[in-house]
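Breakdown of the fold
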Amino acid sequence: MTAQTVDKKGLAKAFAASLTGTALEWYDFAVYSAAAALIFPIIFFPGSDPLTGTLLAFSTYAVGYVARPVGGFVFGRLGDVIGRKQLLVITLLLIGVTTFAIGLIPGYDTIGIVAPILLVTMRFAQGVAVGGEWGGAVLLSSEYGNPRQRGFWSSAAQIGPPAGNLLANGALAALTLALTEEQFESWGWRVAFLFSAVLVGFGLWIRLKLEDTPVFKALQESGDRSEAPISEVFKTQRRPLIAAILSRIAPDVLYALFTVFSITYGTQKLGFERSEVLIAILIGSAFQLGLIPLAGALSDRINRRLVYGVAAVGGVAWSAIFFLIIGGSSLPLLILGVVVGLAFHSFMYGPQAAFVTEQFTVRLRSTGSSLAYTLAGVLGGAMAPLIFVFLLDKTDSWVLIVGYVTIVGILTLIGLALGRNPDRAEEEEYHVMMGATPAAESAV
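Read on for an overview of the structure. Within each chain, residues carry numbers counting from 1 in the order of the written sequence. This being a predicted model, a pLDDT of at least 70 is required before a residue's local features are given, and a value of 80 or more before pairs of side-chain atoms are given or counted; all residues contribute to the totals for chains, interfaces and linings. To obtain the side-chain values, all non-hydrogen atoms of the structure were used and water was disregarded.

**As for the overall build of the chain**
Each helix corresponds to a stretch of at least 4 residues labelled H or I by DSSP, and each strand to a stretch of at least 2 residues labelled E; elements are numbered beginning at the N terminus. When helices and strands are counted, the chain shows 21 helices and 0 strands. We call a residue buried when its accessible area falls under 20% of the maximum for its residue type, exposed when it is over 50%, and partly exposed in between, using a 1.4 Å probe and counting protein chains only. Within the chain, the fraction of its 444 residues that count as buried is 60%. The criterion used for residue contact is that any of the two residues' heavy atoms lie within 4.5 Å. Expressed as a percentage of contacts within the chain between residues at least 6 apart in sequence, the contacts between residues at least 24 apart total 86%.

Written out as structure tokens, the structure reads:
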């Protein structure tokens, strides 16, 4: 493979495959998240008061995060053993099938306790797929690109969640506006889940046409692949693993605050219509599509940890301002609060993929990155909506919620302090082995 081929064809395909595949998988994941706040308490947990029903629904939401380490262990290891591309095809198929199946599950009124059991089972499978997806998707784009521009190229996978969130909430918003309340609760919400079959088919078409990364091919040729990458990560990469895990917690919690809990708080406490809150999230997600790659590129020019850390501090401070300005139930202020909150998240999330992956040596990068991503998800994103609802239920105030956000912000700053700056020479060596020099790859 020549440098020219990698530059003009492989790099473009890798960026597109990383972006579209992750966006489609996060569409499936995000449509579940929104449904957990809007409809699942009614369909699968009837008979409970609104907050209890939401708490139960968010428990199934958390299952998807708890399942992620399974995907991280299984698929992260495979990424270092058999390659980045093959595992990404498997994960995309898995999440597509499970999301489609959720759209077919009868409600509690029809099959009783079997309904929430099936829901939890499908949610677990979703989490396994997403847990295996992220590490491979990040490496797919970053290992084709110039190591000195890893922040930008890695952000392809990071654009996936807001793009998926935009698609998911857009679909749900359109359905809620087009249908009556009774129609939406009866069958309308299922359309968004069933539509995933079309999206996943498109993602598979792109990924199946792509070759594996130059870096992994160099690992294959050199024979420098670990036979037991999981145990090797835990034995030799403990500090990088801890740094990467802690760095991810605050972004996950802030994302849950502004895209998941805001729906519950806005509709149940402030009296907003569900369509109004969804519109605010849609606008915030649209801004993220541009802000995330911008933040990734900025972190290539400025110290990555500095960009990340400043955004973490800003996000924590904004969480308090957010609750203060939306208390008057003003839609423009709600939109402003969500947009700015997701902007701070973008400036953490854009550099995050590069920061996490460059903590680990090349031969263990898929395993280490996947483990860090998934284990952090359990500590951050899985628990956040549950903790938010619990604190609101017990105190009827947002003050302790902001306190919780502050604690996770401090943990993320500790993770950044423990982390290392990129060792670009290490990966450039693999690019040179494949005949693809950084200079040639930087011409985009």
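**Some words on the pattern of salt bridges**
Salt bridges are counted wherever a side-chain nitrogen of Lys or Arg sits within 4 Å of a carboxyl oxygen of Asp or Glu. Tallying each qualifying case throughout the model produces 6 salt bridges. In this structure, arginine 363 and glutamate 232 form a salt bridge, with 2.3 Å as the shortest nitrogen-oxygen distance. Taken together, the positions of arginine 363 in the loop between helix H16 (331–357) and helix H17 (365–382) and glutamate 232 in helix H12 (residues 229–236) put the pair 131 residues apart, joining distant regions of the chain. In this structure, the salt-bridge partner of aspartate 252 is arginine 248, at a minimum N-O distance of 2.9 Å. A residue pair is termed a helical-turn pair when its members lie 3 or 4 positions apart in one helix, as aspartate 252 and arginine 248 do in helix H13 (residues 238–268) at 4 residues. With respect to class, aspartate 252 is no different from arginine 248; both count as buried.

**Observations concerning helix H7 (residues 114–142)**
An ideal rise of 1.5 Å per residue puts 42 Å on 29 residues; H7 measures up with 43 Å between its terminal C-alpha atoms. In this scheme, the bend at a residue equals the angle between the axes fitted to the seven residues that finish there and the seven that begin there. Remark: the principal bend of H7, roughly 30°, maps to glutamate 133. Across the 29 residues of H7, 22 count as buried, placing the element largely inside the fold. To estimate how far a helix should reach, multiply one less than its number of residues by 1.5 Å.

**As for the environment of alanine 297**
With respect to the helices and strands, the residue alanine 297 is situated in helix H14 (residues 274–301). Relative accessible area serves as the criterion here: at 26%, alanine 297 is assigned to the partly exposed category. For alanine 297 and tryptophan 153, which are 144 residues apart along the polypeptide, the C-alpha to C-alpha distance reads 8.2 Å. Among all residues touching alanine 297, those that are not within four sequence positions of it are Gly151 and Phe152.

Any functional reading would require information beyond the geometric quantities listed.
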